[in-house]
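Given next are the chains, with one letter for each unit.
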Amino acid sequence: MAENGLQSQLRGFGVDVGGSGIKGALVDLNTGQLIGERIRIATPQPATPDAVADVVAEITHRFGWEGPVGVTLPSVIQQQTAQTAANIDKSWIGTDVKDLFTRHLPGQAVTVINDADAAGIAELYYGAAKGAQGLVVLLTFGTGIGSAVLYNGILVPNTEFGHFELGDVDSEVHASAAVREREDLTWPEWTARVNDMICGMEKFFWPDLIIAGGGISRKHAKWMPNLDIRTPIVPAALRNHAGIVGAAYAAANGICP
């Protein structure tokens, strides 16, 4: 649609809820780029449903946004109900998240989606998975390890590859980006752990492509070339903005796992 001879900007709004921070921004849905600066507020402690929803509402109101709102959570989301709670309060489990956020944002349509699935959607439409065929796995390395699975451009929601067991612990306990910092691992030490995690995953799946996301993907040259895995791997294109962008896209297009 033209406006004053120029293509009008199709906008959306996304909020990404993490264990340490809640980030929101306007999104240009034509390009997948953020419009202006994002707002970040520290995640309340304890991160209970109402406390987090208050922050999401505050960020939304600070932008003056009145359209559909996409929200990510570090949780398995089925029929808009939280089934797990990673790095947020356990009281989220069993919460009707759509009802929760709608109460805090009355009159606005709210879509809630798993944070890694939102990143997968962003990479699918704007990033490293755009146009990719076959089985694509996105792994997000942060406080934990999230995952999103795409097959021929279709999201298979609510995978939890961060919980593949390596020995007697979940892979995210062994190989997340937070573990690298907490244990002061060298890049080769941490890369070996990531290699173990991906090789374990490859015993069960034969992806055509792996995309590595999270903030650590900015430093992909320090570790990615040293992986000894079967599957081609590339860094995510949208990095830490992927959750916001994917949430905004899901809300604008009615994608609701």
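Residues numbered from 1 in each chain as written. Predicted model: local features only at pLDDT ≥ 70, side-chain atom pairs only at ≥ 80, totals over all residues. Heavy atoms only, no water.

Enquirer: Would you explain the overall build of the protein in this entry?
Expert: Scanning the protein from terminus to terminus reveals 7 helices and 16 strands. Taking 18 Å as the expected radius of gyration for a compact globule of 257 residues, we find that the protein reaches 18 Å, a close match to that expectation. With the C-alpha coordinates aligned to their principal axes, the bounding extent of the protein is approximately 50 × 45 × 30 Å. For the protein, with 257 residues in total, the buried portion stands at 54%. Taking as baseline every contact in the protein between residues at least 6 positions apart, the subset at least 24 positions apart corresponds to 60%. Accessible area of the protein: about 11600 Å², with a carbon and sulfur share of 50%. Charge centroids of the protein, computed over 18 positive and 27 negative side chains, lie 5 Å from each other. (Helix = DSSP H or I, 4+ residues; strand = E, 2+ residues; numbered from the N terminus. Rg over C-alpha atoms; globule rule 2.2 N^0.38 Å. Buried < 20%, exposed > 50% of the residue type's maximum accessible area, 1.4 Å probe, protein only. Contact = heavy atoms within 4.5 Å. Areas by Shrake-Rupley, 256 points an atom, 1.4 Å probe, with all protein chains shown as cover. Lys, Arg positive; Asp, Glu negative; His and termini not counted. Charge placed at Lys NZ, Arg CZ, Asp CG, Glu CD.)

Enquirer: It is not clear to me how helix H3 (residues 115-126) should be interpreted in this structure. Could you clarify?
Expert: Count 3.6 residues to each turn of an α-helix, and residues three or four apart come out pointing the same way. End to end, H3 covers 16 Å across 12 residues, agreeing with the expected 16 Å (1.5 Å per residue, within 8%). Across the 12 residues that make up H3, a large majority, 10, are buried. Considered for burial, the residues of H3 that qualify are Ala116, Asp117, Ala118, Ala119, Gly120, Ile121, Ala122, Glu123, Leu124 and Tyr126. With a side-chain oxygen positioned 3.0 Å from the backbone nitrogen of Ala116, the residue opening H3 is Asn114. (Expected span 1.5 Å × (residues − 1). Polar contact = N/O pair within 3.5 Å; in protein donor to acceptor, adjacent residues only side chain to side chain.)

Enquirer: Could you clarify how one ought to interpret the sheet that holds strand S5 (residues 33-42) in this entry?
Expert: Sheet strands associate in pairs through backbone hydrogen bonding, adopting either a parallel or an antiparallel arrangement. Within the open sheet, the 5 strands sit side by side as S5-S4-S3-S6-S9. Their pairing is mixed. This sheet does not close on itself; its edge strands, each paired only once, are S5 and strand S9 (110-114). Across the sheet, the mean angle separating the axes of adjacent strands is 20° when strand polarity is ignored. Relative to S9, strand S6 (residues 69-73) is paired through 5 bridges, and the arrangement is parallel. If you follow Val69 over to S9, its bridge partner there is Val110. On top of the sheet, H3 reaches strand S3 (11-17), S6 and S9; it is set at about 100° to S9, its chief contact. (Pairing = 2+ DSSP bridges. Axes fitted to C-alpha atoms, helices over the stretch in contact; angles between N-to-C directions.)

Enquirer: Looking at this model, I keep getting lost on the pairing of S3. Mind explaining?
Expert: Looking along a regular strand, one sees the side chains alternate between the two faces of the sheet. Counted residue by residue, S3 has 6 buried out of 7 residues, so it is predominantly covered. Here S3 runs beside strand S4 (residues 21-28); their pairing, made up of 7 bridges, is antiparallel. Following the sheet pairing, Gly12 is matched in S4 by Val27. Here S3 folds back onto S4, and the loop between the two strands holds 3 residues. As defined by bridge partners, S3 adjoins S6 across 3 bridges and the pair is classed as parallel. Within S6, the position partnered with Gly14 by the bridge is Gly70.

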